Amino acid sequence: MPDASSVFPGASAGGAPCPGGPMSARGTDGDAAPPVATADLLRAAADLAAAHLAGLEGRPVWRPMPAALRDALLNAPLPCDGLAAGDLLDDAARQVLAYPMGNGHPAFFGWVNAAPHPAALAAGLLAGASNPSSAGGDHADVPLERAVVRWLAELVGFPHETGAGLLTSGASMATIVAVGAARHRALERAGWDVRGQGLAGAPRLTAYATAEAHSCVRKAIELLGIGGAALRTVPEAGGGAQGARMDVAALSELVERDRREGRVPFLVAASAGTVNTGAIDPLAQIAAVCGAPGGAVWLHVDGAYGAFGVLDERVAARFAGLERADSLALDPHKWLQVPIGVGALLVADREGLRAAFSLVPPYLRDESGDALGWLSEYGIEQTRQFRSLPVWASIASRGRAGLARDIAACNDAARMLERLVREAPDLELAAAVQLSIVAFRYAPAGVAQQVVDRVNAALPAAVQQRGAAFVTGSVYEGRPMLRACVLNPATRLEHVRLLVREVREAGARLLEREA
Ligand SMILES: *Cc1c(COP(=O)(O)O)cnc(C)c1O
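Residues numbered from 1 in each chain as written. Predicted model: local features only at pLDDT ≥ 70, side-chain atom pairs only at ≥ 80, totals over all residues. Heavy atoms only, no water.

Some remarks on the sheet that holds strand β1 (residues 165-168)
In step 1: In spatial order, the strands read β1-β9-β8-β7-β6-β2-β3; together these seven strands make up an open sheet with mixed pairing. With partners counted over all chains shown, the strands left at the sheet margins are β1 and β3 (231-234), one partner each. Direction aside, the axes of adjacent strands within the sheet are offset by 20° on average.
In step 2: Note that strand β7 (residues 298-303) and strand β8 (residues 327-330) share four bridges and pair parallel. Pairing of Val301 across the sheet is with Leu328, part of β8.
In step 3: Across the sheet, helix α8 (residues 215-223) is in contact with β2 (205-210), β3, β6 (264-271) and β7; its angle to β6 comes to roughly 155°.
In step 4: Lying on the sheet, helix α9 (residues 248-260) is in contact with β2, β3 and β6; it crosses β3 at an angle near 150°. (Pairing = 2+ DSSP bridges. Helix = DSSP H or I, 4+ residues; strand = E, 2+ residues; numbered from the N terminus. Axes fitted to C-alpha atoms, helices over the stretch in contact; angles between N-to-C directions. Contact = heavy atoms within 4.5 Å.)

Okay, structure coming up:
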C-alpha cells in the first residue's frame with residue numbers, strides 16, 4: 001500500500017487511548033495534531049483511493065483478515081487525542097483498504113456487488129463536500145434528484161411524471177416504501193384508514209411472489225405488519241430458455257381463492273432479474289392479472305439487479321410489461337456501479353405515494369411554493385443523503401449509449417462463461433442464462449449427486465480462499481450451486497477463464513477428499 005503518511009511530513013503517531021475518565025478526553029495542548037489544510041487532506045485521500053483501485057489486480061481478489069487485525073479493529077479503543085491527518089489515512093490504508101470485500105476486481109463474481117465507477121466515486125466526494133439534506137428545500141440537489149429519478153425511468157422505459165419516485169438507501173428500502181404505498185392504497189379502497197387505525201381489525205391482506213423473489217419482499221411484508229404467512233408462494237413454470245418464471249395461471253388461482261375466502265389480494269412482487277439465475281417473470285401477463293397499473297392488485301417489480309439489463313437490446317424484449325408496474329425498485333449501486341448506498345423507487349402514481357407517507361410537521365413547512373413538496377413526503381427518511389450526484393455522474397459520464405455498452409459487456413462475459421461451462425465435461429449449467437448471472441455446478445461424470453451437492457456447497461469458500469477469483473453460492477431448485485454475477489464491464493474472457501480454472505481445481509481437491 002502507498003505510504004500515506006509521507007504526504008504529510010512530520011505527522012506524528014497519535015490516537016492514544018484515554019487513560020481515564022471524561023476529563024482526559026480533553027487532551028492537552030501539547031498533544032494536539034498539527035492542522036492540515038483541507039485541500040491537502042482531500043488530495044491525499046484521492047491519491048490513496050486511486051492507488052487502491054490501480055493496485056487491485058495485482059493483489060488477491062479477497063484474502064481473509066489476519067485474526068489479530070480483526071481483533072484490533074473490533075476492539076479499537078476510543079482515542080483520547082486526535083490523530084494526525086497522515087496517520088489517519090495511513091491507518092485507513094493499512095488496516096481497512098488492504099482487506100476489501102473484493103468487488104472492484106474484475107475476477108470478482110460474487111453476490112450482486114459492483115466495482116465503483118470512477119465518475120460516481122469522484123462525485124460522491126463532492127456530494128459529501130456540499131452535504132445538503134436532500135429532504136427538500138431550494139437547493140440544487142433537490143431538482144437534481146428529481147431529474148436523476150426521471151433519467152432512471154427513461155433508461156428502463158418506465159412512464160414517469162415528475163416527482164414520481166425517489167432515491168433510497170437500496171432496493172430493500174425501496175421495497176418497504178413500495179409495499180407501504182400498496183398497503184395504503186388497498187386499505188383506503190377498502191374503506192380502512194391504515195395510517196390512523198393501524199392493522200388491528202383491518203381487512204386481511206395477501207401478497208404473492210415466487211420462491212425466487214428477493215428476501216427483502218418478505219422482510220417488507222413482515223415489517224409492515226401484514227405477516228409473512230400472508231405472502232403466498234406462487235409456483236414457477238417453464239425452465240428452458242427463459243428459465244423458471246412465475247406461473248401466471250397459478251397466480252390467478254391463488255388470487256381468486258383468497259378473494260373467495262374474504263381476503264384482499266393487494267400486491268404481486270414480480271422479479272425482473274432474480275439473484276439466483278437472473279430470471280425475469282412474465283411481467284405483461286402478470287400486469288394483466290393485477291389490472292396494473294392502478295388495478296385491484298398493486299404490481300411491484302423488483303428490478304434491483306436486472307432492470308438495467310433492458311439496455312441490452314438482445315434481451316430487452318424479456319422485460320415487456322415492466323412499464324405497467326405500479327412500482328419498480330432499482331439499484332443504481334449494482335449495475336450502474338454507483339458506490340454502495342443508492343437504490344431507487346419509481347411509481348406510477350405520485351400522489352398515491354405521497355398520500356401514504358406525507359407528514360409535514362410545523363418545523364418543516366415548505367414555503368418555497370414547490371407543488372411537489374419535499375422528497376421526505378414520499379418515503380421514510382427525513383434527513384436524506386445527497387445520493388443523486390453520484391448517480392448523475394455514473395449516467396452523465398457514459399450517457400445512455402455508454403451505459404448500454406457496459407451492460408452488454410457484462411452480459412457478454414456471462415455468455416462466455418456459459419459457453420465454457422457447456423463445453424467443460426465436468427461443469428453443468430443449473431439454469432438458462434438470462435442476463436449477467438450464470439448458475440452452474442462442478443459435476444464430473446460418474447460422481448453421485450449427493451457428493452456433487454456436498455462439493456458444490458463447499459466450493460465457493462474453497463475458491464475464495466485461493467484468492468485468484470471470487471464466486472459465491474446458493475441453492476436453486478433444492479440443490480447447491482455456484483452463481484457468478486458480472487457487474488464489472490472490465491471483466492473479460494481472461495477473468496472468466498480464470499474463474500473456470502479455479503472452480504475446476506478447487507472442485508477436484510474437494511472431490512479427492514470425498515474419495
Ligand atoms: C440487491 C437486491 C435486492 C435488495 O437490495 P439492497 O440494495 O441490497 O437493499 C432486492 N432484489 C434484488 C433482485 C437484488 O439483487
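A few points about the packing of helix α4 (residues 118-130) against helix α12 (residues 388-396)
In step 1: For the pair α4 and α12, interaxial distance at closest approach is 8 Å and the crossing angle is 155°. On the basis of their axis angle, the class for α4 and α12 is roughly antiparallel. As α4 packs across α12, the resulting crossing turns out to be right-handed. For the pair α4 and α12, contact is made by Ala119, Ala120, Ala123, Gly124, Leu126 and Ala127 and by Leu389, Pro390, Ala393 and Ser394, respectively.
In step 2: A breakdown of the residues in the contact of α4 with α12 according to their chemical character gives eight nonpolar, two polar and no charged. (Parallel < 35°, antiparallel > 145°, perpendicular 65-115°, else oblique. Left-handed = near helix turned anticlockwise from the far one by under 90°. Nonpolar A, V, L, I, M, F, W, Y, C, P; charged D, E, K, R; others polar.)

Concerning the packing of aromatic side chains
In step 1: Applying the stated rule across the entire model yields five aromatic pairs.
In step 2: Between Trp111 and Phe470, the aromatic rings sit 5.4 Å apart at their centres with planes inclined by 50°, giving tilted as the arrangement. With a gap of 359 residues between them, Trp111 in the loop between α3 (85-97) and α4 and Phe470 in the loop between α14 (449-466) and β12 (472-476) connect regions that are remote in the sequence.
In step 3: Grouping aromatic residues by their ring pairs yields a cluster made of Trp62, Phe108, Trp111 and Phe470. (Phe/Tyr/Trp six-rings, centres within 6.5 Å; stacked < 30°, edge-to-face > 60°.)

A word on the site of the ligand
In step 1: Near the ligand lie 13 residues; those nearest to it are Ser172, Asp302, Asp331, His333 and Lys334.
In step 2: A distance of 2.6 Å separates an oxygen atom of the ligand from a polar atom in the side chain of Ser172.
In step 3: The separation between an oxygen atom of the ligand and a polar side-chain atom of Asp331 is 2.6 Å.
In step 4: Coverage of the ligand by the protein chains reaches 86% of its 380 Å² of free accessible surface. (Near = heavy atom within 4 Å. Polar contact = N/O pair within 3.5 Å; in protein donor to acceptor, adjacent residues only side chain to side chain. Areas by Shrake-Rupley, 256 points an atom, 1.4 Å probe, with all protein chains shown as cover.)

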